[in-house]
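# Reading the structure
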Amino acid sequence: MTTACYKIWVHGRVQGVGFRYGTQAQASQLGVLGYARNLDDGSVEVLAWGEPEKVDALIAWLKAGGPRGARVDRVLMEPHQPTEPPRRFTTG
């Protein structure tokens, strides 16, 4: 199976609005593994690992604004090579 992995940083009103849990639900629905975690600068870091088209779908969802109540101003991303594939999607 071909896989893709990206680290994604989402900026805007993304903390305190259920963004991590909404991202976890969307990733689980798509079959994407990784995590969503709050950063000290008010952004959320997402690691997305899985089949390329499913990872792309999660990235598109993030760029479209994520869950209700969130406001996404900017999405930055870069390819990532995990030392070990994630086993599930967590919010930490």
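Residues numbered from 1 in each chain as written. Predicted model: local features only at pLDDT ≥ 70, side-chain atom pairs only at ≥ 80, totals over all residues. Heavy atoms only, no water.

### A look at the UniProt feature "domain: Acylphosphatase-like" (unreviewed entry) in the protein
For the record, the criterion: UniProt positions are given in the numbering used here, feature names are shortened, and annotations may be inferred rather than shown by experiment. Each helix is a run of DSSP H or I of at least 4 residues and each strand a run of E of at least 2, with the numbering of both proceeding from the N terminus.
In the numbering adopted here, UniProt assigns the feature "domain: Acylphosphatase-like" (unreviewed entry) to residues 5-92. A distance of 18 Å separates the end C-alpha atoms of residues 5-92, which is 27% helix and 39% strand.

### Examining the UniProt feature "active site" (unreviewed entry) in the protein
Rules: Contact definition: two residues touch when any of their heavy atoms are within 4.5 Å. Residue exposure (1.4 Å probe, protein chains only): buried if accessible area is under 20% of the type maximum, exposed if over 50%, otherwise partly exposed. Each polar contact in these results corresponds to two N or O atoms within 3.5 Å; when the atoms are within protein, one needs to be able to donate a hydrogen and the other to accept it, and residues that are neighboring in sequence are counted only if both atoms are side-chain atoms.
Feature annotation in UniProt assigns "active site" (unreviewed entry) to the following positions: Arg20 and Asn38. Spatially, the listed residues are clustered: although they cover 19 residues, their C-alpha atoms lie within 7.8 Å of one another. Relative to the assigned elements, Arg20 resides in helix H1 (residues 19-30). Contacts of Arg20, omitting those with residues within four sequence positions, involve Ala36, Arg37, Asn38, Val44, Thr91 and Gly92. Checked against the element boundaries, Asn38 lands in strand E2 (residues 33-38). What makes Asn38 partly exposed here is its relative accessible area of 32%. Other than its neighbours up to four places away in sequence, Asn38 contacts Val14, Gln15, Arg20, Ser43, Val44 and Gly92. Among the polar contacts made by the side chain of Asn38, one reaches the side chain of Arg20 at a distance of 3.5 Å.

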